[in-house]
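Per-entry structural report
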Amino acid sequence: MMTHAAYDCDVLVIGGGIVGLSTAYAITRSSPGTRVTVLEKEWGPARHQTGRNSGVIHSGIYYRPGSLKARYAVRGAAEMVDFCKEYGIAHAVTGKLIVATGRSELPRLHALVQRGREHGLPVRELGPAQIAEHEPRVRGLAAIRVDTTGVCDFGAVAQRFAAEVRDGGGLIRFGAEVTAIDRRPWGVAVRTADGLVVRARVLVNCAGLHCDRVARLAGDDPGMRIVPFRGEYYELARPDLVRGLVYPVPDPAFPFLGVHLTRGHDGSVHVGPNAVPALAREGYGWPVVRPRELVDTLTWPGSWRIARRHWRYGVGEVHRSLSKHAFTAAVRRLLPDVTEADLRPAPSGVRAQAVLRDGTLVDDFLIREAPHTVHVLNAPSPAATASLPIGREVARRALVRAEGTGWKPPAVESGHCV
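Residues numbered from 1 in each chain as written. Predicted model: local features only at pLDDT ≥ 70, side-chain atom pairs only at ≥ 80, totals over all residues. Heavy atoms only, no water.

Under an unreviewed UniProt entry, the name given to the chain is L-2-hydroxyglutarate oxidase, and the source organism is Streptomyces brevispora. Of the comments in the UniProt record for the chain, the one headed Sequence similarities (unreviewed entry) reads "Belongs to the L2HGDH family." (UniProt positions renumbered as here; feature names shortened; annotations may be inferred.)

What follows covers the pattern of salt bridges. Taken as a whole and judged by the stated rule, the model has 30 salt bridges. Taking the shortest distance from any N to any O, the salt bridge between R401 and E369 comes out at 3.0 Å. One end of the pair, R401, is in helix 10 (residues 387-403); the other, E369, is in strand 18 (residues 366-370), with 32 residues separating them in the sequence. Relative accessible area serves as the criterion here: at 29%, R401 is assigned to the partly exposed category. For E369, a relative accessible area of 36% translates into the label partly exposed. Linked by salt bridges that have partners in common, K41, E42, E282, R290 and E293 make up one network. (Salt bridge = Lys/Arg side-chain N within 4 Å of Asp/Glu carboxyl O. Helix = DSSP H or I, 4+ residues; strand = E, 2+ residues; numbered from the N terminus. Buried < 20%, exposed > 50% of the residue type's maximum accessible area, 1.4 Å probe, protein only.)

Before going further, it helps to examine the pairing of strand 11 (residues 187-192). In terms of burial, strand 11 is a largely internal element, 5 of the 6 residues being buried. By the bridge criterion, 6 bridges tie strand 10 (residues 178-184) to strand 11 in an arrangement that is antiparallel. Within the sheet, the bridge partner assigned to R184 lies in strand 11 and is G187. Connecting strand 10 to the antiparallel partner strand 11 that follows it, the hairpin turn spans 2 residues. Two elements, strand 11 and strand 12 (residues 197-205), share 4 bridges in a ladder whose sense is antiparallel. (Pairing = 2+ DSSP bridges.)

Let's shift gears to helix 10. The terminal C-alpha atoms of helix 10 lie 24 Å apart, and with 17 residues this matches the ideal 24 Å at 1.5 Å per residue to within 8%. The buried fraction of helix 10 is high, at 12 of 17 residues. Among the residues making up helix 10, those that are buried are S387, L388, P389, I390, G391, E393, V394, A395, R397, A398, L399 and A402. (Expected span 1.5 Å × (residues − 1).)

Turning our attention to the sheet that holds strand 8 (residues 150-152). Taken together, the 3 strands give an open sheet; going across it, the order is 3-8-4, and neighbouring strands pair in antiparallel fashion. The open sheet terminates on both sides in strands that have one partner only, identified here as strand 3 (56-57) and strand 4 (91-92). With 2 bridges joining them, strand 4 and strand 8 adopt antiparallel strand pairing. Residue pairing for strand 8: H91 is matched across the bridge by C152.

Below, the discussion takes up the domain arrangement of the chain. Domain boundaries assigned for the chain yield domain 1 (1-91 + 148-223 + 364-411), domain 2 (96-146) and domain 3 (229-356). The gap between the C-alpha centroids of domain 1 and domain 2 is 35 Å. Here domain 1 packs against domain 2, burying approximately 1,000 Å² in sum over the two surfaces, 64% of which is carbon and sulfur. Counting the contacts that link domain 1 with domain 2 gives 0 salt bridges. In this assembly, domain 1 and domain 2 are joined by 5 residue pairs in polar contact (both at pLDDT 80 or more). Grouping the constituent residues of the side of domain 1 that touches domain 2 by class yields 6 nonpolar, 5 polar and 1 charged. (Domains from an automatic or database assignment. Buried area = accessible area lost by both parts, 1.4 Å probe. Polar contact = N/O pair within 3.5 Å; in protein donor to acceptor, adjacent residues only side chain to side chain. Nonpolar A, V, L, I, M, F, W, Y, C, P; charged D, E, K, R; others polar.)

Counting 47 residues, the largest nonpolar core has I18, M80, V157, F161, V204 and I390 as its most contacted members. Breaking this core down by element, the ones donating at least two residues are strand 1 (9-14), helix 1 (18-30), strand 2 (36-40), helix 2 (68-87), helix 5 (154-167), strand 12, strand 19 (373-378) and helix 10. In contact with I390, other than residues within four places in its own chain, are V19, Y72, F365 and A383. (Core = buried A, V, L, I, M, F, W, Y, C linked by side-chain atoms within 4.5 Å. Contact = heavy atoms within 4.5 Å.)

Next comes the structure, spelled out in structure tokens:
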């Protein structure tokens, strides 16, 4: 068994997005003196899913009762608002409307009312006149209002997590892409592209778009693949058309919420996302193609099963991606006054969607453990909303794993890793 001094740190986190940083933050808070290192391949935090989403603090209304998404989103939404207040991070609790524009959507809307009440959320049912009171330009047959939904700057939240980790004695290394992982009886040794070797008792994989690849580097079969879906956004040139957040009724067969309208913490209004297959893990536009990553997606049996099962849905999404006219027509179902000229291209994001071999889109957060490792294998939206409770749970599992190496929680101990 290695001595304490032979380890460079106790817990090594791969991934400097909001989940990885929240995990490191939770460790420094719950077990002060535990030596934590975060390795992030980019030259700053939150460069992918965290920094490229709509900034919505989700209420949790969409998610199956009892699921991790439901429990962590409901709890995390309240905690995120408190965190933003405590640290002066831009945010607003605006509430949102979920609007049915066709009669076929009404049963699903009523089911959401029931689900919201099961979660203990403040949900109100609205008719057309009441919709107009909240959103004069929005049209619908019926809607529900969820008061606990809000918006914030998740990039700033991730930066605050990073600052708190450093203040707690942890170390964050940017520009540190992991290229090799060697699991030993005493723990793990990780090598980065620039030759740095870090020895840790426990490895936590929060690599997001690359989490399945990192799991395989560690010698674990994750049983899934990340299939990247690009979310394409526009920004409204006339933000006065929308007061708050307006969503369509989602199709329960898909993990995507449909094209919606989001007034951000800065007053801008984003429209989207349109969800299309990305041709690279970080494929933020059609021209971005990485052949090796594309082959990895295409050779996964689940990818073809998704395509066969949902090809009509996919064709519609691609059509709206390639045709601004078609995208505008989809938006006009909620906001009839919008025109093509009102829509200005905005930065895209990529959703790291876990897909099982049988083509099942993993619908819940997925956390798996192996010797000396904890893998976060599915944490797309609402992971930013739920990042505080997710981080605590992953930290708890990591610390239990660390104790299995003979480590004991330090009474009072400080010092940086590596």
